[in-house]
Amino acid sequence: MQSENSTILSEAESLQIVQFEGCGHVGFLFNNILLSFNKNEFFDFVEVYRQIDFARYSILFPDNKKRIVIKTLVKETQFCFTLAEFDVIKQGLIEASIILRAKELITVDKSGL
């Protein structure tokens, strides 16, 4: 997903989170899941995701692996992650949100000069 017109905010294993320079939107790619957010939507998504308690909401699947099923705004679409996947995404989202906030501060600071 990286291009000349985007900045990597976080990258790990099968995860890449970038910001597109022209529109400012944030792209989220994890395995075959591709999401796009404006900055405010991204920060809201990170905040909600950070609060999810895997241990509390995970369920044991028939293959004897615990997974969490996360509902989306689309009734027929849910995300399903193992603990390892959940943690990779959580860390990546936190990292990306910190970098995005720092970019905002730097931009505000430069415009105030």
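Placed above this text is the structure.
Values in this document were obtained by computation on a predicted structure and should not be read as measured data. (Residues numbered from 1 in each chain as written. Predicted model: local features only at pLDDT ≥ 70, side-chain atom pairs only at ≥ 80, totals over all residues. Heavy atoms only, no water.)

## Topic: the pairing of strand β2 (residues 15–20)
Put simply, the test is: Accessible area is worked out with a 1.4 Å probe on protein chains only. A residue is then buried under 20% of its type maximum, exposed over 50%, and partly exposed in between. Helix numbering and strand numbering both begin at the N terminus, where a helix is a DSSP run of H or I of at least 4 residues and a strand a DSSP run of E of at least 2. Two strands are said to pair when DSSP picks up at least two bridges between them.
Of all six residues in β2, five are buried, a share of seventy percent or more. In this structure, strand β1 (residues 6–12) lies alongside β2, joined through six bridges in antiparallel fashion. Paired with I8 across the bridge in β2 is V18. Taking the residues that link successive antiparallel strands as the turn, the β1-β2 hairpin has two residues, and the phi of E13 there is positive, at about 40 degrees.

## Observations regarding helix α1 (residues 39–50)
As a reminder of what qualifies: To estimate the expected span of a helix, subtract one from its residue number and multiply by 1.5 Å. Working note: the arc is built from the helix axis to C-beta atom directions.
When the terminal C-alpha atoms of α1 are compared, their 16 Å separation across twelve residues agrees well with the 16 Å that a helix rising 1.5 Å per residue should span. Within the span of α1, buried status applies to F42, F43, V46 and Y49. Looking down the long axis of α1, one finds its buried residues gathered within 130 degrees of arc, a one-sided arrangement. Within α1, the exposed residues directed more than 90 degrees away from the buried face are N40, D44 and V48.

## Thoughts on the packing of aromatic side chains
Definition in use: Two aromatic rings, drawn from Phe, Tyr or Trp (for Trp, its six-membered ring), form a pair once their centres lie within 6.5 Å of each other, and the interplanar angle then sorts them: stacked below 30 degrees, edge-to-face above 60, tilted otherwise. When the NZ atom of lysine or the CZ atom of arginine is within 6 Å of a ring's centre and also within 35 degrees of its normal, the charge is said to sit over that ring.
A full pass over the atoms with the stated rule returns nine aromatic pairs. The interplanar angle of 45 degrees and the centroid separation of 5.5 Å between the aromatic rings of F54 and F86 together place this pair among those described as tilted. Of the two residues, F54 is situated in helix α2 (residues 54–57) and F86 in helix α3 (residues 83–111); the sequence distance between them amounts to 32 residues. By relative accessible area, which is 2% here, F86 ends up buried. Linked through ring pairs, F28, F37, F42, F43, F45, Y49, F54 and F86 together constitute an aromatic cluster. Looking at R67, its charged tip hangs above the ring of F61, at a distance of 5.3 Å from the centre.

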